[in-house]
Amino acid sequence: MSLAEADCLFCKIVAGDVPSLAVYETGTMYAFRDINPQAETHVLVVPRQHYEDAAVLAAEAPDLLADVLLAGADVARQEGIEESGYRFVFNTGPDAGRTVFHAHLHVLGGEQLGLFGRPHRTG
Ligand code: AMP
Ligand code: ZN
């Protein structure tokens, strides 16, 4: 195990060392509820294997990246938001507010979502 993996929150969640609310599991994929939901439905889909981000995953294991998207669609179906609609998000870097460096797909929906891409304003 690399240093990055030993210190990775989502590797610990996949291993069951940090608790999470599972919604979907396969041999290669794990999906669980975001602890700080940004929509009525907010699920994170992560490959069990550690990849730093979506671009690294695309370069090193393109089939697994496709599986992440298929798992996201399965999650949307399971959560009952397939028809109402949902958003897939991959954050990268500080401007996107990225905090966990294990590739993960956000699945957001369950209500009308706000605009995205605008600067975050306080006050
Ligand atoms: P990102 O900002 O794209 O790196 O997304 C990381 C996401 O992980 C955020 O939406 C956090 O709310 C979420 N998160 C952090 N810790 C946990 C946890 N222990 N269980 C579930 N979700 C978490
Ligand atoms: Zn990891």
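One can find the structure itself at the top, above this paragraph.
First things first, this report covers the structure right here in the doc. (Residues numbered from 1 in each chain as written. Chains lettered and ligands numbered in written order. Predicted model: local features only at pLDDT ≥ 70, side-chain atom pairs only at ≥ 80, totals over all residues. Heavy atoms only, no water.)

Right, let's talk about the overall build of the chain for a bit. The secondary structure content of the chain amounts to four helices and five strands. Taking 14 Å as the expected radius of gyration for a compact globule of 123 residues, we find that the chain reaches 14 Å, a close match to that expectation. Dimensions of the chain, computed from C-alpha atoms along their principal axes, come out at roughly 40 × 35 × 30 Å. The buried share among the 123 residues of the chain stands at 37%. Each charge class in the chain was averaged separately, 8 positive and 17 negative side chains, and the resulting centres sit 7 Å apart. (Helix = DSSP H or I, 4+ residues; strand = E, 2+ residues; numbered from the N terminus. Rg over C-alpha atoms; globule rule 2.2 N^0.38 Å. Buried < 20%, exposed > 50% of the residue type's maximum accessible area, 1.4 Å probe, protein only. Lys, Arg positive; Asp, Glu negative; His and termini not counted. Charge placed at Lys NZ, Arg CZ, Asp CG, Glu CD.)

To continue, consider the sheet that holds strand 3 (residues 41–47). Strand order across the open sheet formed by five strands is 1-2-3-5-4, with antiparallel pairing between neighbours. At either end of the open sheet lies a strand with only one pairing partner, and these are strand 1 (22–25) and strand 4 (86–89). On average, adjacent strands in this sheet sit at an angle of 20° to one another, irrespective of strand direction. As defined by bridge partners, strand 3 adjoins strand 5 (residues 105–109) across five bridges and the pair is classed as antiparallel. Looking across to strand 5, one finds that V45 is bridged to L105. Along the sheet, helix 4 (residues 62–78) contacts strand 1, strand 2 (29–33), strand 3, strand 4 and strand 5; its crossing angle with strand 3, the most-contacted strand, is approximately 150°. (Pairing = 2+ DSSP bridges. Axes fitted to C-alpha atoms, helices over the stretch in contact; angles between N-to-C directions. Contact = heavy atoms within 4.5 Å.)

A word on the pattern of salt bridges. Charged atoms that come close allow side chains of opposite charge to pair. Evaluation of the coordinates by the stated rule reveals four salt bridges. With its nearest N and O atoms 2.8 Å apart, the salt bridge here joins D74 to R77. With D74 and R77 both in helix 4 and three residues apart, the pair spans about one turn of that helix. Each of D74, R77 and E82 takes part in one network of salt bridges that share partners. (Salt bridge = Lys/Arg side-chain N within 4 Å of Asp/Glu carboxyl O.)

The subject of this paragraph is the coordination of the zinc ion (ligand 2). Ligation of the zinc ion (ligand 2) by protein atoms is provided by C8 (SG), C11 (SG), H50 (ND1) and H102 (ND1), these donors lying 2.0 to 2.3 Å from the ion. One can describe the site at the zinc ion (ligand 2) as tetrahedral: its four donor atoms subtend angles covering 105 to 116° at the metal. Sequence spacing among the residues donating to the zinc ion (ligand 2) works out to C-x2-C-x38-H-x51-H. Separated by 42 residues along the polypeptide, C8 in the loop between helix 1 (3–6) and helix 2 (9–15) and H50 in the loop between strand 3 and helix 3 (54–60) bring together distant segments of the chain. (Donors = N, O, S within 2.8 Å, 3.2 Å for Na, K, Ca; no water. Tetrahedral: all angles 85-135°; square planar, octahedral: opposite > 155°, others 65-115°.)

Any functional reading would require information beyond the geometric quantities listed.
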